[in-house]
Amino acid sequence: HSLGYRAGRVTLASSHRARCTPPSARPLPPMATASPPLATAFRPLAAGSGTGGGGAHAAGWVAPRRGRRGFVVRSVASDREVRGPASTEEELSAVLTSIDSSAIASNIQHHADFTPLFSPEHSSPLKAYHATAKSVFDSLIINWNATYDYYNKVNAKQAYYLSMEFLQGRALTNAIGNLELTGQYAEALKQLGHNLEDVASQEPDPALGNGGLGRLASCFLDSMATLNYPAWGYGLRYRYGLFKQIITKDGQEEVAENWLEMGNPWEIVRNDVSYPVKFYGKVVEGTDGRKHWIGGENIKAVAHDVPIPGYKTKTTNNLRLWSTTVPSQNFDLGAFNAGDHAKANEAHLNAEKICHVLYPGDESSEGKILRLKQQYTLCSASLQDIISRFESRAGDSLNWEDFPSKVAVQMNDTHPTLCIPELMRILMDIKGLSWNEAWSITERTVAYTNHTVLPEALEKWSLDIMQKLLPRHVEIIETIDEELMNNIVSKYGTADISLLKQKLKDMRILDNVDLPASVAKLFVKTKMKKGKLLVESLESIAEADEKTEPEEEENILSETTEKKGESDSEEAPDAEKEDPEYELDPFAKYDPQLPRVVRMANLCVVGGHSVNGVAEIHSEIVKQDVFNSFYEMWPTKFQNKTNGVTPRRWIRFCNPELSAIISKWIGSDDWILNTDKLAGLKKFADDEDLQSEWRTAKRNNKMKVVSLIRDKTGYVVSPDAMFDVQVKRIHEYKRQLLNILGIVYRYKKMKEMSAKDRIKSFVPRVCIFGGKAFATYVQAKRIVKFITDVAATVNYDPDIGDLLKVVFVPDYNVSVAEKLIPASELSQHISTAGMEASGTSNMKFAMNGCILIGTLDGANVEIREEVGEENFFLFGAHAPEIAGLRQERAEGKFVPDPRFEEVKEYVRSGVFGTSNYDELMGSLEGNEGYGRADYFLVGKDFPSYIECQEKVDEAYRDQKLWTRMSILNTAGSPKFSSDRTIHEYAKDIWDISPVIMP
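Keep in mind that this is a model prediction, so the values were computed, not measured.

Section: helix 7 (residues 182–191)
Part 1 of the argument: Within the span of helix 7, buried status applies to Y185, A188, L189 and Q191. Along the axis of helix 7, the buried residues cluster in a sector spanning 155°; they form a single face.
Part 2 of the argument: Positive backbone phi, at 85°, marks G193, one or two positions downstream of helix 7.

Some words on the pattern of salt bridges
Part 1 of the argument: The tally for this structure, following the rule as stated, stands at 59 salt bridges.
Part 2 of the argument: The salt bridge partner of R170 is D205, with a shortest N-O separation of 3.7 Å. Note that R170 is positioned in the loop between strand 3 (158–162) and helix 6 (172–178) and D205 in the loop between helix 8 (196–200) and helix 9 (212–226), a separation of 35 residues in sequence.
Part 3 of the argument: Of the charged contacts, one joins R746 and D953 as a salt bridge, the two residues approaching to 2.8 Å between their closest N and O atoms.

Let's talk about the UniProt feature "modified residue: N6-(pyridoxal phosphate)lysine" (unreviewed entry) in the protein chain
Part 1 of the argument: Per the UniProt annotation, the sites labelled "modified residue: N6-(pyridoxal phosphate)lysine" (unreviewed entry) are K844.
Part 2 of the argument: Look past the residues within four positions of K844 in its chain and what remains in contact with it is R215, V645, W650 and I821.

Quick word on the packing of helix 39 (residues 938–957) against helix 40 (residues 959–971)
Part 1 of the argument: For the pair helix 39 and helix 40, the least separation of the axes is 5 Å and the interaxial angle reads 105°. With respect to helix 40, the axis of helix 39 lies roughly perpendicular. Contacts from V952, A955, Y956 and R957 in helix 39 reach Q959, L961, W962 and M965 in helix 40.
Part 2 of the argument: Its residues assigned to classes, the contact of helix 39 with helix 40 shows six nonpolar, one polar and one charged.

Notes on empty space enclosed by the protein
Part 1 of the argument: Tallied over the entire structure, the rule returns seven cavities of 30 Å³ or more.
Part 2 of the argument: Taken together, 31 residues line the largest cavity, and the ones lying closest to its centre are Q168, G169, R170, A171 and V306.
Part 3 of the argument: Going through the elements one at a time, helix 5 (125–154), helix 6, helix 9, strand 10 (297–309) and strand 11 (316–325) are the ones with two or more residues in the lining of the largest cavity.
Part 4 of the argument: Along the lines of polarity and charge, the residues of the lining of the largest cavity split into 17 nonpolar, eight polar and six charged.

Overview of the sheet that holds strand 19 (residues 597–599)
Part 1 of the argument: One open sheet accounts for three strands, arranged 14-19-15; its pairing is antiparallel. Looking at which strands have only one partner, the edges of the open sheet turn out to be strand 14 (460–462) and strand 15 (510–511).
Part 2 of the argument: By the bridge criterion, two bridges tie strand 15 to strand 19 in an arrangement that is antiparallel. Note on strand 19: the bridge partner recorded for D511 is V597.
Part 3 of the argument: Sheet strands touched by helix 24 (residues 600–607): strand 14 and strand 19. Its angle to strand 19, the strand with the most contacts, is close to 45°.

Notes on unusual backbone geometry
Part 1 of the argument: The phi angle at N155 is positive, at roughly 50°, despite the residue not being glycine.
Part 2 of the argument: Position of N155 among the secondary structure elements: in the loop between helix 5 and strand 3.
Part 3 of the argument: Located in the positive-phi region is N512, a residue other than glycine, with phi close to 60°.
Part 4 of the argument: Within the element layout of this structure, N512 appears in the loop between strand 15 and helix 20 (517–520).
Part 5 of the argument: The buried category is assigned to N512, whose relative accessible area is 13%.

Some points on the environment of K749
Part 1 of the argument: Summarising the element assignment, K749 is placed in helix 30 (residues 736–751).
Part 2 of the argument: Sequence separation between K749 and F762 is 13 residues, and the spatial gap between their C-alpha atoms is 9.7 Å.
Part 3 of the argument: Apart from residues no more than four positions distant in its own chain, K749 is found in contact with F762 and E902.

A few points about the pairing of strand 25 (residues 826–829)
Part 1 of the argument: Burial along strand 25 is two-sided: L826 and Q828 facing one way and S827 and H829 facing the other are all buried.
Part 2 of the argument: Taken together, the two bridges between strand 22 (residues 722–727) and strand 25 define a ladder with parallel strand orientation. The residue bridging D724 from the neighbouring strand is L826, located in strand 25.
Part 3 of the argument: The pairing of strand 25 with strand 26 (residues 851–854) spans four bridges and is classified as parallel. When the bridges of strand 26 are listed, H829 appears paired with G854.

Quick look at the packing of aromatic side chains
Part 1 of the argument: Evaluated as defined, the whole model comprises 34 aromatic pairs.
Part 2 of the argument: Judged by centre distance (5.9 Å) and plane angle (35°), the ring pair of Y148 and W232 falls under tilted. Separated by 84 residues along the polypeptide, Y148 in helix 5 and W232 in strand 4 (residues 231–236) bring together distant segments of the chain. Summarising the burial analysis for this pair, Y148 and W232 share the class buried.

Here's the deal with the sheet that holds strand 4
Part 1 of the argument: Spatial ordering of the open sheet is given by 7-10-11-4-3-12-13-20-21, a layout of nine strands whose pairing is mixed. Strands with a single pairing partner mark the edges of an open sheet, and in this sheet they are strand 7 (268–279) and strand 21 (638–640). Mean inter-strand twist for the sheet, computed between neighbouring axes without regard to direction, equals 25°.
Part 2 of the argument: Here helix 16 (residues 435–445) sits on the sheet and contacts strand 12 (407–412) and strand 13 (446–449); the angle it forms with strand 13, its principal contact strand, is near 40°.
Part 3 of the argument: Those strands touched by helix 25 (residues 616–626) are strand 20 (611–613) and strand 21, and its axis lies near 165° from that of strand 21.

Some remarks on helix 18 (residues 471–492)
Part 1 of the argument: Relative to the 32 Å expected for 22 residues at 1.5 Å per residue, helix 18 spans 32 Å between its end C-alpha atoms, a close match to the ideal helical length.
Part 2 of the argument: After helix 18 finishes, the residue G493 shows a positive phi value of roughly 70°.

A word on the side chain of T226
Part 1 of the argument: Here T226 shows up in helix 9.
Part 2 of the argument: Within the structure, T226 has its side chain in polar contact with the backbone nitrogen of Y311 (distance 3.1 Å).
Part 3 of the argument: Those residues within four positions of T226 in sequence are excluded, and the remaining contacts are G310, Y311, T313, R648 and L673.

Quick look at the side chain of S827
Part 1 of the argument: The topology assignment puts S827 in strand 25.
Part 2 of the argument: Excluding anything up to four places from it in sequence, S827 contacts V725, F845, C850, I851, L852 and I853.

Observations concerning the nonpolar core
Part 1 of the argument: One finds M466 and W990 to be the most contacted residues of the largest nonpolar core, which totals 129 residues.
Part 2 of the argument: When residues in this core are grouped by element, the largest group, 11 residues, is from helix 13 (residues 365–394).
Part 3 of the argument: For M466, the contacting residues outside a window of four places in its chain are L372, L418, W461, P471, V474, I477, V598 and M600.
Part 4 of the argument: The next biggest cluster of nonpolar side chains, apart from the first, holds 110 residues, and it includes Y812, M843, L852 and I853.

About the cut-offs
- Residues numbered from 1 in each chain as written.
- Predicted model: local features only at pLDDT ≥ 70, side-chain atom pairs only at ≥ 80, totals over all residues.
- Heavy atoms only, no water.
- Buried < 20%, exposed > 50% of the residue type's maximum accessible area, 1.4 Å probe, protein only.
- Helix = DSSP H or I, 4+ residues; strand = E, 2+ residues; numbered from the N terminus.
- Arc of directions from axis to C-beta.
- Salt bridge = Lys/Arg side-chain N within 4 Å of Asp/Glu carboxyl O.
- UniProt positions renumbered as here; feature names shortened; annotations may be inferred.
- Contact = heavy atoms within 4.5 Å.
- Axes fitted to C-alpha atoms, helices over the stretch in contact; angles between N-to-C directions.
- Parallel < 35°, antiparallel > 145°, perpendicular 65-115°, else oblique.
- Nonpolar A, V, L, I, M, F, W, Y, C, P; charged D, E, K, R; others polar.
- 1 Å grid on protein atoms, 1.4 Å probe; cavity = no way out; pocket = protein on both sides within 12 Å on 5 of 7 lines; lining within 4 Å.
- Points joined across faces, edges and corners; volume = space filled by probe spheres on them.
- Pairing = 2+ DSSP bridges.
- Phe/Tyr/Trp six-rings, centres within 6.5 Å; stacked < 30°, edge-to-face > 60°.
- Expected span 1.5 Å × (residues − 1).
- Polar contact = N/O pair within 3.5 Å; in protein donor to acceptor, adjacent residues only side chain to side chain.
- Core = buried A, V, L, I, M, F, W, Y, C linked by side-chain atoms within 4.5 Å.

So this is what it looks like as structure tokens:
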């Protein structure tokens, strides 16, 4: 049989006959013998039907049974009616509760036989995975289509979450978990000779994100569906992802992701849902008075839909991902037949490469253009789709003033910033609204989440590139910028010119661009002859402004150049009657030595009605530092929304053994939807029975990681050692370098001791790292190389044995995290204080009973408050001290701790191989200069860090105390559910309400 299944309780003969019998004589497929609700839900459209094109297969239906009334299901993507099988609403509502494992097994077998992804003779767990996924997808489609239909019917306000990343993780276990079918699918696969865990492991992680930004977006989608909020996600469908990380003797190497090579069973290509996206061209004014963007390069964005099921609810929302292409007629057949094959395919390649790679390198001009194309494609296609849906739902009662009461657009960081000028363009140039009408609608529709305080992450795009690529949008941005400056002048006046200059400098959207005439006139200096000093004449100009006609402003600003031909040596008979010369303050003019840029974060703040940070400390930094001038002008725009993670994926599904223990001791599994109930564990924290069960679950999870490490690295580690984990994007501010230098110090001290003293002084540890360094981030890649070099030395040192192991897990992703996090005992969140916006992995670790060591940064602050100060290992400088410490360093006053100097010298001694670490160690030395002066304060925090690690060892030796701390971390984590976060977004920003499916 095609899946190699053993004969058992499921009879496979019928599927064999189906392949050998003429079509007219074939019986129904095997699952037709299942219970009526299952048959209704699972019968396929036709043998061999695929996933493309939407249409009928989007609902997965066949013709109705005889004698029963058919019903209609609407496609998720379109308004076309799709004929469904005979059924009733009662049957539909009963489908997901009446499915038994034998019926599921029949359906899986059917997809193995009739979904043509593999040859009939091919047998493998991969084939079993695809058949299982298709079976689950059949179930999802019922509620997916019903949800879309109901949203259309009630026409409630809907939120749209735009993000360049969605780090979804594997879909199979999450989907069957949310459908409450995990047990049934496990049993069905067992009947067919397979194991659910083995089958699920065949699924590649979708390569649609990199780190916390994308994982947060995916947690939010889960919570939106679970809480029944009408909300969709929009992103791009990256063919090759960021990259697949390979660790070699030279460190990190990058190869393209291959997650789509075998197809994606969780998506439907909506070939009937596509939108044009334009680049380049020019802007002209038509006879209708509207601006028209014409010419240029035109591509097509095509929708790919992924269902997002909620937990214990019918609501199944949508993640719409865009791919890019051009019509077939753009293929130059003449050039191809003439032998110029590259030219023939040029248009297709230019379009398709937009969705090839997440965050393509942008050091070249081509890379910058490609990134900007990605961002605009996401914004334009998504907004066209949103507007089309708004118009369709409004019908004959279309009123654009209703748009903000029906649509909320959330920009996840600055990548979707172009939503603001794009929405303005569509409303004005296509829908015919005035500027004021379009601006009012845009400002009330769009909101912005800030995720960083790092200057390099607050995007700044070259104005020259944007002008070339998106000329109409630059016109709109210029007008927004001018109106902003006029508002600034109105608020601050001209009495304090230094203050006004500072506010304009801080808040302008266009940086290093000539001030518009309406503002520049305030910065004209008068220069009197006979060598008199220049004097500011703001007051007189302001007084005269009321008498000055608009066309005269340009004349005033050009006085200087017009008078250059006059001789300064001319003597006037009466100096008091001489006309003054005018000179424009350099502040108002473009500096050709500096780039002209568009500050996207500033545009987000100006164009949106809400700006939120993602942790309490971060939101305060946003208000008091990053956007302080904006906060002074619009204080009510700013708010905090502390991040959260979904407890479904991050406890219930990835840590089933601990979940069962929690449910047992709390008395129910209600905590999965109401994490406040986790606090019920506190009263049992000292109970010996709970502690014993807790430790057993942790050890079982550690055994899984022992196997993972052996499979991925070849290293053998002991489950009896403490598992000390730091897994996150490799970046200097996250300070993986501090961690590995602490390990080097530990190793050096071990080597200086006798074997007996080592065992007495140190708790055995397995120090686990994971994360990707961006391909062009040289220093981050040096850190990866250094970690692997330390591992290669320490792990083979016979003197040390199991007392210390260092592991770098390659290609860290969601699936790896789902194994590492439940097994972790200590987790490191040690960023320089004030530099991490929030973090979400810290929340996942705490939920799973892992104790954190960290600084007072990001969500660490709130986690420590919730779990208790005594259950968090704190070290390091605090955020308000950081600027002063850097100044101290710049002035040469910093005196490094002798232990820090000792560990650097040890690294340079060659003990970890022949690699040259001068650049890496050099970044920690000196008082100034790029890549020098220890900007992230590794040296400053090093002594505090290693002393805190000694306290960790001391606590771990008392396993009763450690287990108590672990339980209290889980009990203290209710606040960090993304359900709480989404409720706050829905209430305070989006103004949407749950829509309960009937």
